[in-house]
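Reading the structure
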Amino acid sequence: MLMIHTPGKAETKVKNSRFLAEVFPVFSPDEAKEAWKIRKDTYDNGGHIVYAFTVGKSQNISGCSDDGEPAGTAGRPVLAVLQGSGLTNAMITVARWFGGTKLGTGGLVHAYSDAAKAALANCVSIPLIPVLRVEFTIPGNLYSRCRYFLDSINFNTEKEEFTSSIFISGTIRECDREIFEKFITGLGSGKIVYSFFAV
């Protein structure tokens, strides 16, 4: 599996209809729907913004929408292109500005597929690095040492809450799980409770 390192964008034209395709990272169906809504609000194209997404380690969650185009002529072809690319945690949107000439069902399938492929050609992908989300709470006096360690393993911090103790959540690479457990156990003499969650 691959993941997006640099998003891509491309514009194509078919019989005066303009297609603007974008590919970018998403990590949940809710995030995908929000990204689609933003584009619906942003692009004044008077019509269709088709989308497709895949998330999960093996593209196990996916979705798509024709957004008013004839059923099966837009969202499904874009999803097929996305799945065929090997990308996961990714979304493609294609905004269409109608050029006055109907493309027919076959023409729409080709136009949306080609737009999606053009955007993918302009994005940079890298191998997917499996990650785990972890949550734990530490005493304040251990924060500096903990922070230094987390930075050393490229911990991706999602949240830090400072009260009488410090709650931390974020993601680590699966391959760093053992070293993380060893460090946290030593840091708190076995008293720090942590939980891992699948991403």
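Refer to the structure printed above.
Let us look at the structure shown here. (Residues numbered from 1 in each chain as written. Predicted model: local features only at pLDDT ≥ 70, side-chain atom pairs only at ≥ 80, totals over all residues. Heavy atoms only, no water.)

Moving on, we come to the packing of aromatic side chains. Taken as a whole and assessed by the stated rule, the structure comprises ten aromatic pairs. Ring centres 5.1 Å apart and planes at 85° place the aromatic pair Phe19 and Tyr112 in the edge-to-face group. Residue Phe19 is found in strand 3 (residues 17-25), and its partner Tyr112 is found in helix 3 (residues 104-121); the two are separated by 93 residues along the sequence. One aromatic cluster in this structure is built from Phe136, Phe180, Tyr194 and Phe196. For the cation-ring pair, Arg133 lies above Phe197, with the distance from its terminal atom to the ring centre recorded as 4.7 Å. (Phe/Tyr/Trp six-rings, centres within 6.5 Å; stacked < 30°, edge-to-face > 60°. Helix = DSSP H or I, 4+ residues; strand = E, 2+ residues; numbered from the N terminus. Lys NZ or Arg CZ within 6 Å of the ring centre and 35° of its normal.)

A word on the pattern of salt bridges. Counting across every chain of the model gives eleven salt bridges. In this structure, Arg18 and Glu11 form a salt bridge, with 3.0 Å as the shortest nitrogen-oxygen distance. Connected through salt bridges with shared partners, the residues Arg147, Asp151 and Glu160 form a single ionic network. (Salt bridge = Lys/Arg side-chain N within 4 Å of Asp/Glu carboxyl O.)

What follows concerns the packing of helix 4 (residues 143-152) against helix 5 (residues 177-187). Packing of helix 4 against helix 5 brings their axes to within 11 Å, and their N-to-C directions diverge by 170°. Between helix 4 and helix 5, the angle is such that the two are roughly antiparallel. Contacts between helix 4 and helix 5 pair Arg145, Cys146, Phe149 and Leu150 from the former with Ile179, Phe180, Phe183, Ile184 and Leu187 from the latter. When its residues are assigned to classes, the contact of helix 4 with helix 5 shows eight nonpolar, no polar and one charged. (Axes fitted to C-alpha atoms, helices over the stretch in contact; angles between N-to-C directions. Parallel < 35°, antiparallel > 145°, perpendicular 65-115°, else oblique. Contact = heavy atoms within 4.5 Å. Nonpolar A, V, L, I, M, F, W, Y, C, P; charged D, E, K, R; others polar.)

With the exception of glycine, most residues fall at negative phi, and the peptide bonds are largely trans. In this structure, Asn89 takes a positive phi of about 55° despite not being glycine. Relative to the helices and strands, Asn89 is located in the loop between helix 2 (75-85) and strand 6 (90-97). The backbone of Ser189 shows a phi angle near 50°, a positive value even though the residue is not glycine. Mapped onto the elements of the fold, Ser189 is located in the loop between helix 5 and strand 11 (194-198). According to the relative accessible area criterion, Ser189 is exposed, its value standing at 62%. (Buried < 20%, exposed > 50% of the residue type's maximum accessible area, 1.4 Å probe, protein only.)

Bringing the sheet that holds strand 11 into the picture now. As summarised here, the arrangement of the four strands in space is 9-10-8-11, forming an open sheet in which the pairing is antiparallel. Of all strands in the sheet, those with a lone pairing partner are strand 9 (156-162) and strand 11, marking the two edges. For this sheet the average axis-to-axis angle between neighbouring strands, irrespective of direction, equals 15°. In this fold helix 4 packs onto strand 8 (131-139), strand 9 and strand 10 (165-173), with an angle of close to 165° to the strand it touches most, strand 8. (Pairing = 2+ DSSP bridges.)

A word on the side chain of Thr171. Looking at the secondary structure, you find Thr171 in strand 10. Judged by relative accessible area, which is 11%, Thr171 ranks as buried.

The next thing to look at is the sheet that holds strand 5 (residues 61-65). Strands sit in the order 2-3-6-4-5 across an open sheet of five strands; the sheet is antiparallel. Only two strands of the sheet have a single neighbouring strand rather than two, namely strand 2 (8-14) and strand 5. The mean angle between the axes of side-by-side strands here comes to 10°, regardless of whether they run parallel or antiparallel. As defined by bridge partners, strand 4 (residues 49-55) adjoins strand 5 across five bridges and the pair is classed as antiparallel. Across the sheet, residue Phe53 finds its bridge partner in strand 5, namely Gly63. Contacting strand 3, strand 4, strand 5 and strand 6, helix 1 (residues 29-42) crosses the sheet at an angle of about 160° to strand 4. Helix 3 rests against strand 2, strand 3, strand 4 and strand 6 of the sheet, and its axis sits at about 45° to strand 3.

Turning our eyes to something else, we now look at the pairing of strand 10. Of the strand pairs in this sheet, strand 8 and strand 10 are connected by nine bridges, and their pairing is antiparallel. If you follow Arg133 over to strand 10, its bridge partner there is Thr171. Between strand 9 and strand 10, which pair antiparallel in sequence order, lie two residues.

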